[in-house]
Amino acid sequence: TQMTTQKKIAKASENPVIAIRSLRLSTTMSHINQYVDNNIPDANAWMEVTETALTNMEKLLNDIRTQCVNGSTDTKNPEDRKVILDNLKALAEQVYTEGNADYAGKTVFTGYRTSSKLTFEEDEVDTKYEIEQSFDFSDLEEKRYYTGNVQVPETLNGAVECDTKIAENTYERIRLAYNGDTEVSQFSYGYQIDEVTKVEIMATRQDNGSYDVALNTVVMNPDGSVERNPVTGTVDLVPPIVHAYANETEWENSLAGGKIVGTHEIVYIEETGEFIFGNVIANNIADKKCTMDVTYTKEGFNNGELRPEYYYNCKDITDDEEANHVQYMKQNQEIRYTIANNTTIVINTQADEVFNFDIKRDVDELINVVQKALNAADKVTQIENMMSEAQYQDAGSQKMLQTYLDAAKKEMDYADDNLQKTYEAYIGRFDDYMQSTNIAITNLGSMMNGLQLTQTRVENQKMTIEELKSDNEDRDISDIIIDYYASYNAYQSSLTAAGKLGQTSLLDYI
């Protein structure tokens, strides 16, 4: 039997020690085969898909940065600007496409929800989310706002001299993740006084669209509950006056002086999703290192926009029935694979490590700034062309057109200056985005190196177990033949001896 099977035993009762050791080694080998044949290749393929997507994302960000560099050396040639504009529009459509990269039908950047895409796959005009988003003082950034928009007349018949006031104001702002149809229901910010107490400014939206602002002290009790009490004494943080406008045009038209924010005021623009702070408020937020929490609704999402559930605590409130609302909680969603005994590895890169909401918003703002510069230059050209026409050569027409030209040139100068400054600022911003992507690629590379080392170790372990298993169970054919012939010769000798004994009778001894 051993010569046929080349195994030491055919059943456990022949040698229980060998049988038990064989079972243990077989179980270990089964686990190792699972690691070598399935888990490790699966993890490696997942990370290779991720690496390709991150590399493509890095290239796309570099392409956008290149457009900023090209623009920062702008010679104000409209044709060159149009080329940059077209390139930016094309790149804007691709910003988050790599976020939908998948392996075997599983999206690699969406945490546990591998069956869902990172972005909306089509325009969803009726989809509505309630989103909670947090900021801190470091999210404050400077932005320039421009009052006045020259309207070039088609003819001078009935036209009056241009009295458009072209002006520039610079404020600190915080920008929500989304623009478009956004409505803030509540926001608050404040600063810590001591370990358990902080000052909080809370603004709550009323039915008429205005905001009720309260100044509270917030106390954290030992049991974890929170108490809010209106402030009756004098505090450093003065409650702001909050204004909300549908868009910048409504903001501009509501004030005689244009786009202005009082020193103790906050302006919220629903179309752009911006909080614009007056100087005193902005300084208080920065000096006191305030944090800010915002709850807002966003209705209508475009194809390619990031889904909020991968970034924020939010609720899908599309359905009017509250019972049908879907709640999402932002949490760490590391996917771990067991690649060896007592060894696990994180294989996924989470969306918020790379696909920042600000990337698309920055590209859109850059497109808008370039377009405004092109429009402003076009207005100057139109007016200059009108001034050269024969029908407008009289002194009155020339004077009237000159007022339009002066305003248009001022608008163009502001637009050109804003474009130049935006290009220069966004070079640094996209450097930061590329750095985040590079860090993600580096971390992924470290994980892949760790996986490779583990794979080598497990494969060596497999060879060792195979040898131990073979030593425990198998017999060499030459040894079996030697033992067989030894046993055979002993058996034959026994038969010969027994045969000779059988031939002996009592007569042989008489």
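Please refer to the structure placed before this passage.
Residues numbered from 1 in each chain as written. Predicted model: local features only at pLDDT ≥ 70, side-chain atom pairs only at ≥ 80, totals over all residues. Heavy atoms only, no water.

**Q** Describe the pairing of strand β7 (residues 197–205), naming the residues involved and giving the relevant values.
**A** Pairing analysis gives 7 bridges linking strand β6 (residues 182–192) to β7, with the strands arranged antiparallel. Of the residues in β7, the one forming a bridge with Q192 is K198. Between β6 and the antiparallel strand that follows it, β7, lie 4 residues. Examined bridge by bridge, β7 and strand β8 (residues 211–220) share 9 bridges and lie antiparallel to one another. Residue pairing in the sheet places R205 in a bridge with Y211 of β8. Connecting the antiparallel pair β7 and β8 is a turn made up of 5 residues, with G209 showing a positive phi of about 95 degrees. (Pairing = 2+ DSSP bridges. Helix = DSSP H or I, 4+ residues; strand = E, 2+ residues; numbered from the N terminus.)

**Q** Describe the packing of aromatic side chains, and please don't skip the residues or the numbers.
**A** Under the definition given, this model contains 21 aromatic pairs. A centroid spacing of 4.5 Å and a plane angle of 20 degrees characterise the contact between F120 and F301, whose relative ring orientation is stacked. Residue F120 is found in the loop between β2 (106–107) and β3 (124–136), and its partner F301 is found in strand β13 (residues 291–301); the two are separated by 181 residues along the sequence. The class of F120 is buried, set by a relative accessible area of 0%. Feature note: the residues F120, Y129, Y178, F301, Y311, Y312, Y328 and F357 constitute an aromatic cluster, connected by ring pairs. Above the ring of Y191, the side-chain terminus of K288 is found at 4.9 Å from the ring centroid. A cation over an aromatic ring shows up here: K289 above the ring of F137, its NZ or CZ 5.6 Å from the ring centre. (Phe/Tyr/Trp six-rings, centres within 6.5 Å; stacked < 30°, edge-to-face > 60°. Buried < 20%, exposed > 50% of the residue type's maximum accessible area, 1.4 Å probe, protein only. Lys NZ or Arg CZ within 6 Å of the ring centre and 35° of its normal.)

**Q** An account of the pattern of salt bridges is requested, with residue identities and associated values reported.
**A** For the structure on display, the rule yields 25 salt bridges. A salt bridge links E365 to K143, with the nearest nitrogen and oxygen atoms 4.0 Å apart. Linking E365 in helix α6 (residues 357–387) with K143 in strand β4 (residues 141–147), this pair joins segments that are 222 residues apart in sequence. E365 sits in the buried class, given a relative accessible area of 16%. (Salt bridge = Lys/Arg side-chain N within 4 Å of Asp/Glu carboxyl O.)

**Q** Lay out the side chain of D316 in plain terms, naming residues and giving numbers.
**A** Structurally, the position occupied by D316 is in strand β14 (residues 313–316). We note that D316 is buried and unpaired, the nearest opposite charge coming from R307 at a distance of 5.5 Å. Polar contacts involving the side chain of D316 include one to the side chain of T318, which spans 2.7 Å. In contact with D316, other than residues within four places in its own chain, are K128, Y129, H325, V326 and Y328. (Lys, Arg positive; Asp, Glu negative; His and termini not counted. Polar contact = N/O pair within 3.5 Å; in protein donor to acceptor, adjacent residues only side chain to side chain. Contact = heavy atoms within 4.5 Å.)

**Q** With reference to specific residues and values, describe the sheet that holds strand β12 (residues 274–277).
**A** Whether parallel or antiparallel, the strands of a sheet pair through hydrogen bonds between backbone atoms. Taking strand neighbours across the sheet as the criterion, the 5 strands line up as β4-β5-β12-β11-β10 in an open arrangement whose pairing is mixed. Across the chains shown, the open sheet's two edge strands, defined by having one partner strand only, are β4 and β10 (241–245). Strand-to-strand twist across the sheet, computed as the mean angle between neighbouring axes with direction ignored, equals 35 degrees. Where strand β11 (residues 265–269) and β12 come together, 4 bridges link them in antiparallel fashion. Counterpart to I266 in the pairing with β12 is F277. Relative to the sheet, helix α5 (residues 279–287) contacts β5 (167–175), β11 and β12, its axis offset from that of β12 by approximately 100 degrees. Against the sheet, α6 makes contact with β4, β5 and β12, and its axis sits at roughly 165 degrees relative to β5, the strand it touches most. (Axes fitted to C-alpha atoms, helices over the stretch in contact; angles between N-to-C directions.)

**Q** If you had to explain the nonpolar core to someone new, which residues and values would you point to?
**A** Core analysis: the largest hydrophobic core is formed by 118 residues, its most contacted members being F187, F275 and F277. With 23 residues, helix α7 (residues 395–473) is the single largest residue contributor to this core. Those residues within four positions of F275 in sequence are excluded, and the remaining contacts are E172, R173, I174, L176, V184, F187, I266, V267, Y268, M292 and V294. Counting residues in hydrophobic clusters, the runner-up holds 8 residues, among them Y245, W251, V267 and I269. (Core = buried A, V, L, I, M, F, W, Y, C linked by side-chain atoms within 4.5 Å.)

Read these as geometric descriptors, not functional statements.
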